[in-house]
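# Structural overview
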Amino acid sequence: MTRMLGRLTYANVMVTVLALVALGGGTAFAASQLERESVGTGALKKEAVTPAKLSKKAKSTLTGPTGPRGATGPQGETGARGEAGVPATSLTAHVSATDKLIGGSGVTRVVPVEKAYAVEFDRDVSGCNFQVTLERSTGGGSVIVGPFEGNPNAVIIEPLDSTEGHTTRAFYLAVLC
């Protein structure tokens with residue numbers, strides 16, 4: 001106790017008193033100066049009281065029971081049927097591992113190019129997207145596909161094996177324009 005009393009100074013005591021007044025005493029003082037029910041509707045700002053600020057009891061006095069359900073309205077008119085859309089693709093090719101065209105639509109020929117295949121169509125496909133699916137084989141693999149430089153009607157397909165080496169693989173190609 002003597003140890004604490006030796007460190008008490010006027011400044012320490014005043015800081016403690018001011019902290020207590022600021023944290024709790026000021027609010028208690030302000031509340032004690034208001035008369036009971038002294039804040040009326042005239043003292044409130046417009047739209048200051050929202051439903052979230054009301055008690056459950058106050059809310060229950062403001063709402064009544066749900067009324068009966070009304071009759072269902074008449075069925076609206078059905079709109080005219082639109083025209084059939086254009087297919088996503090009309091350009092396809094099924095190519096064998098030996099660069100033979102097995103089937104397709106809009107494809108004119110398949111030409112071997114180094115370790116790849118050039119698949120040529122009957123129209124410009126340079127602005128289209130290409131989707132290639134390799135036929136099943138053991139060992140996995142992937143494919144590089146893109147427009148054929150110098151021929152806007154052709155797509156270059158380069159099948160790769162699981163080690164990313166060039167391989168000969170049958171594939172399906174869909175051109176989406």
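Residues numbered from 1 in each chain as written. Predicted model: local features only at pLDDT ≥ 70, side-chain atom pairs only at ≥ 80, totals over all residues. Heavy atoms only, no water.

### Thoughts on the pattern of salt bridges
A complete count under the given rule lists 3 salt bridges for this structure. For Asp 99, the salt bridge identified is with Lys 100, shortest N-O distance 3.9 Å. Salt-bridge contacts for Arg 123 lead to Asp 122; the nearest nitrogen and oxygen are separated by 3.1 Å. A relative accessible area of 38% places Arg 123 in the partly exposed class. Classification of Asp 122 by relative accessible area gives partly exposed; the value is 45%. (Salt bridge = Lys/Arg side-chain N within 4 Å of Asp/Glu carboxyl O. Buried < 20%, exposed > 50% of the residue type's maximum accessible area, 1.4 Å probe, protein only.)

### Focus on the sheet that holds strand 3 (residues 107-113)
Pairing is antiparallel in the open sheet, where 4 strands are placed in the order 3-4-7-6. Only two strands of the sheet have a single neighbouring strand rather than two, namely strand 3 and strand 6 (142-147). Here the average twist between neighbouring strands, direction ignored, is 20°. Here strand 4 (residues 116-121) runs beside strand 7 (residues 154-160); their pairing, made up of 4 bridges, is antiparallel. Among the inter-strand pairings, Val 119 is bridged to a residue of strand 7, identified as Val 155. (Pairing = 2+ DSSP bridges. Helix = DSSP H or I, 4+ residues; strand = E, 2+ residues; numbered from the N terminus. Axes fitted to C-alpha atoms, helices over the stretch in contact; angles between N-to-C directions.)

### Describing the side chain of Arg 169
Along the polypeptide, Arg 169 turns up in the loop between strand 7 and strand 8 (171-176). Summary of buried charges: Arg 169 has no salt-bridge partner, and the nearest side chain of opposite charge, Glu 135, is 7.5 Å away. In terms of polar contacts, Arg 169 uses its side chain to reach the backbone carbonyl oxygen of Glu 135, at 2.8 Å. (Lys, Arg positive; Asp, Glu negative; His and termini not counted. Polar contact = N/O pair within 3.5 Å; in protein donor to acceptor, adjacent residues only side chain to side chain.)

### Considering the sheet that holds strand 5 (residues 129-134)
If you walk across this open sheet you meet the 4 strands as 2-1-8-5, and the pairing is antiparallel. The open sheet has two edge strands with one neighbour each: strand 2 (101-105) and strand 5. Each strand of the sheet is rotated relative to its neighbour by a mean of 10°, with strand direction disregarded. Judged from the 4 bridges that link them, strand 1 (residues 91-95) and strand 2 form a sheet pairing that is antiparallel. Bridging across to strand 2, Val 95 finds its partner in Leu 101.

### Re the nonpolar core
Core analysis: the largest hydrophobic core is formed by 18 residues, its most contacted members being Val 119, Phe 121, Phe 171, Leu 173 and Val 175. Breaking this core down by element, the ones donating at least two residues are strand 1, strand 3, strand 4, strand 5, strand 7 and strand 8. Those residues in contact with Val 119 that sit more than four places away from it in its chain are Ala 93, Val 95, Val 107, Arg 109, Val 110, Asn 153, Ala 154, Val 155, Ile 157, Phe 171 and Leu 173. (Core = buried A, V, L, I, M, F, W, Y, C linked by side-chain atoms within 4.5 Å. Contact = heavy atoms within 4.5 Å.)

### Let's talk about the packing of aromatic side chains
Evaluated as defined, the whole model comprises 1 aromatic pair. Ring geometry for Tyr 117 against Phe 171: centres 5.3 Å apart, planes inclined by 50°, an arrangement best described as tilted. Placement of the pair is Tyr 117 in strand 4 and Phe 171 in strand 8, with a sequence separation of 54 residues. Under the relative-accessibility criterion, Tyr 117 is labelled buried at 4%. (Phe/Tyr/Trp six-rings, centres within 6.5 Å; stacked < 30°, edge-to-face > 60°.)

### Details of unusual backbone geometry
The backbone of Glu 114 sits at a positive phi, close to 50°, despite the residue not being glycine. In this fold, Glu 114 is placed in the loop between strand 3 and strand 4. Even without a glycine there, the phi angle at Glu 164 is positive, about 65°. Its place among the elements puts Glu 164 in the loop between strand 7 and strand 8.

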